Amino acid sequence: MTTDTDQVTGTWQVKTGLAQMLKGGVIMDVVTPEQAVVAENAGAVAVMALERVPSDIRKAGGVARMSDPQMIAEIIESVSIPVMAKARIGHFAEAQILEALGVDYIDESEVLTPADENNHINKHDYKVPFVCGSRDLGEALRRIGEGAAMIRTKGEAGSGNIVEAVRHARKVLGQIKQIHGMESDELMAKARDLKAPFALVKKIHETGSLPVVNFAAGGISTPADAALMMQIGVDGVFVGSGIFKSESPEIMADAIVKATTHYKDPAILAEISKGLGSAMKGLDIRTMPESEQLSKRGW
Amino acid sequence: MPVIGVLSLQGDFAEHVLMLDTLEVNSTEIRSQDSLQNIDGLIIPGGESTAIMRLLELYDLKNTIISLAKTGMPIWGTCAGMIILSKNILHSESQNKIHKYDPLNLIDIDITRNAFGRQIDSFEFDLDVEGLTDPYHSIFIRAPQVSRIGKNVEVLSSINDSTPVILKQDNILVSSFHPELTHDNRIHELFIKMF
């Protein structure tokens, strides 16, 4: 490794740049080094190392925390692609530990039990980049304001139901379009309504896009789900419980990877959707008590 | 004006297309065999090299790209693209369960992946580049390093004269960093001059 002092690390461009490398790809939740190898061999662009996938976190109940560093370190050892790991919302000490372990991205995640109901982590303080969930543009811009270098929809993790991810992606993308088309003198009022940093609202007005990469997450369970989200306009997908809770994880992983590349080609999508075995069993969000809805965590 | 294909299986292909737009160079996204037929040059973008190589084989694009390179078509690989165009990829022992894909062997160099370290070691650097008067502010992300250089390969830029980061052999150009992530199109311009 070179140690030249003119090499500047931990910059915004380097943090957002890794997310740009992940575009058009699938990031898979894994709970063991063996699953991580299955994910890499199936074409995952990164893995999310965690002790339990979201659907099992739901079942287990109790407090969900950062995973065992030993297990995260073993997953880092086992693959060559980037490894992400989750810290609780506002739990900056967990984030410090994950950074020291050498994870490539930290997900400050509503899937774990929040540690701070007021404040998210000040993500500017770290060299490691962060990804955060959002339900609308205001939430996305607040997280970016705190230093998130990548955004994902919250969706409803572990539900196997795409409806919330669709709602969140459409909301964010619709609000971006709206701001892009506004008059400049309307932007401050919009920033107030969204509770979003004005400078970022202004930037969206100028560029018509989010300043960071935006992935779909929370409920993606089939190749068609991945293609749907990509066509709606996200840059890539996270698949949590959808792969290793399906009947044939290798086959499902391979098919979702192909669908994320060929999302615009229905003939290829039809071919890869054949004979996948059953997808994970899903939950109806409408009958889910609000206290069990993970997307309601964080603000 | 040449039409440049940008391999669009995975990675930051859209950023390359935008960069070519600033030079008013026509480009087209490549996802299938058919789309490789009507291009004059090819860019293999940044991304995850294992994911891209797997899709190159699955969709049978590999041999077509190799044949096009043999006809003299200019091809440029950035970061993952550099890994894919190399002769050999060196792996660490702990990664012996991962399926290994053979790179395209179009430039006589060997590559060590992630040789600068993990993401926290990713960096920016002002590079001197042969053919450019001012330094080029470059972005290295989990970048590969060249561990062996064949005798017919030219080095166009190195970090502190010791770590080569832009190399060229005939019609093949590789860079271990990401000119597509900047607002500086001079490396893209160097590639276009190869036509």
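Source: prediction; values computed, not measured.

Caption draft 1: Representation of the overall build of chain B. Of the regular secondary structure elements, chain B holds five helices and 12 strands. Taken over the C-alpha trace, chain B has a radius of gyration of 15 Å; the compact-globule value for 195 residues is 16 Å, and the two agree within 12%. Each principal axis of the C-alpha atoms in chain B carries an extent, and together these give about 45 × 40 × 30 Å. Within the span of chain B, comprising 195 residues, buried residues form 64% of the whole. Excluding contacts between residues fewer than 6 apart, the proportion of contacts in chain B whose partners are at least 24 apart in sequence is 66%. Side-chain charges of chain B comprise 15 positive and 26 negative groups, with the mean position of each set lying 10 Å from the other.

Caption draft 2: Local environment of the side chain of Ser157 of chain B. In this fold, Ser157 of chain B is placed in strand E10 (residues 154–159). Apart from residues no more than four positions distant in its own chain, Ser157 of chain B is found in contact with Leu127, Asp128, Val129, Thr163, Pro164, Val165 and Ile166 of chain B.

Caption draft 3: Spotlight on a negative patch on the surface. A surface patch of negative charge is lined by Asp6 of chain A together with Asp126, Asp128 and Asp161 of chain B. When you line up the elements, Asp126 of chain B lands in strand E7 (residues 123–127). A residue is classified by how much of its surface remains accessible, and Asp126 of chain B, at 48% relative accessible area, is partly exposed.

Caption draft 4: Representation of empty space enclosed by the protein within the structure. In the structure shown here, the tally under the stated rule is five cavities of 30 Å³ or more. Its boundaries defined by the atoms lining it, the largest cavity holds a volume of some 180 Å³. Lining the largest cavity are 23 residues, and of these Asp29, Pro54, Ala157, Gly218 and Gly240 of chain A sit closest to its centre. The set of elements that each furnish at least two residues to the lining of the largest cavity consists of strand E9 (237–239) and helix H11 (241–244) of chain A. Of the residues that constitute the lining of the largest cavity, the class distribution is nine nonpolar, eight polar and six charged. Gly47, Glu48, Cys79, Asn114 and Arg142 of chain B are, among the 14 residues lining the second largest cavity, the residues nearest its centre. Elements with a minimum of two residues in the lining of the second largest cavity: helix H1 (12–22) of chain A together with helix H4 (80–85) of chain B.

Caption draft 5: Broad picture of unusual backbone geometry. All names here are of chain B. With phi around 50 degrees, Asn114 is a residue other than glycine that occupies positive phi space. Its place among the elements puts Asn114 in the loop between strand E6 (109–112) and E7. Given a relative accessible area of 22%, Asn114 falls into the partly exposed group. The backbone phi angle of Asp161 is positive, close to 60 degrees, even though this residue is not glycine.

Caption draft 6: Quick peek at the interface of chain A and chain B. On the side of chain B, 47 residues touch chain A, which itself brings 50 residues to the contact. Buried area between chain A and chain B, summed over both chains or domains, comes out near 3,900 Å², and the portion from carbon and sulfur atoms is 53%. Our count for the contact surface shared by chain A and chain B stands at four salt bridges. Two residues, Glu15 of chain B and Lys23 of chain A, come together in a salt bridge whose shortest N-O distance is 2.7 Å. Here chain A is connected to chain B by 23 residue pairs in polar contact (both at pLDDT 80 or more). Mapped onto the side of chain A that touches chain B, the elements with two or more residues apiece are strand E1 (8–9), H1, helix H2 (33–41), helix H4 (69–78) and helix H12 (249–261) of chain A. Of all the elements, H1 of chain A adds the most residues to the side of chain A that touches chain B, at eight residues. Each residue belonging to the side of chain A that touches chain B can be placed in one class, and the counts come to 20 nonpolar, 17 polar and 13 charged. In terms of strand pairing, E1 of chain A meets E7 of chain B through two bridges, oriented antiparallel. Note that in E7 of chain B the partner of Val8 of chain A across the bridge is Glu124 of chain B.

Caption draft 7: Region of interest: the sheet that holds E7 of chain B. With respect to topology, three strands assemble into an open sheet ordered E1(A)-E7(B)-E8(B), the strand pairing being antiparallel. Of all the strands in the sheet, the pair left with one neighbour each is E1 of chain A together with strand E8 (136–140) of chain B.

Caption draft 8: Just the confidence of the model for chain B, in detail. Per-chain confidence: chain B averages 95 in pLDDT, with 100% of residues scoring 70 or above. Here the predicted complex scores 0.96 on pTM and 0.96 on ipTM.

Caption draft 9: A look at the nonpolar core. Grouped together as the largest cluster of nonpolar side chains are 92 residues, with contacts concentrated most on Met28 and Met229 of chain A together with Leu42, Leu56, Ile75, Leu85 and Ile109 of chain B. Of all the elements, H12 of chain A adds the most residues to this core, at six residues. Leu42 of chain B has contacts with Ile4, Gly5, Val6, Leu7, Ile30, Leu36, Ile65, Met73, Pro74, Ile75, Trp76 and Phe191 of chain B, leaving out every residue within four places of it along the chain. In terms of nonpolar packing, the next biggest core, distinct from the first, is built from 28 residues, Ile4, Val25, Ile166 and Leu190 of chain B among them.

Here is what the cut-offs are and how they apply
Residues numbered from 1 in each chain as written. Chains lettered and ligands numbered in written order. Predicted model: local features only at pLDDT ≥ 70, side-chain atom pairs only at ≥ 80, totals over all residues. Heavy atoms only, no water. Helix = DSSP H or I, 4+ residues; strand = E, 2+ residues; numbered from the N terminus. Rg over C-alpha atoms; globule rule 2.2 N^0.38 Å. Buried < 20%, exposed > 50% of the residue type's maximum accessible area, 1.4 Å probe, protein only. Contact = heavy atoms within 4.5 Å. Lys, Arg positive; Asp, Glu negative; His and termini not counted. Charge placed at Lys NZ, Arg CZ, Asp CG, Glu CD. Patch = residues over 30% accessible without salt bridge, like charges linked within 9 Å, V, L, I, M, F, W, Y side chains within 5 Å. Areas by Shrake-Rupley, 256 points an atom, 1.4 Å probe, with all protein chains shown as cover. Salt bridge = Lys/Arg side-chain N within 4 Å of Asp/Glu carboxyl O. 1 Å grid on protein atoms, 1.4 Å probe; cavity = no way out; pocket = protein on both sides within 12 Å on 5 of 7 lines; lining within 4 Å. Points joined across faces, edges and corners; volume = space filled by probe spheres on them. Nonpolar A, V, L, I, M, F, W, Y, C, P; charged D, E, K, R; others polar. Buried area = accessible area lost by both parts, 1.4 Å probe. Polar contact = N/O pair within 3.5 Å; in protein donor to acceptor, adjacent residues only side chain to side chain. Pairing = 2+ DSSP bridges. pLDDT = per-residue confidence, 0-100. Core = buried A, V, L, I, M, F, W, Y, C linked by side-chain atoms within 4.5 Å.

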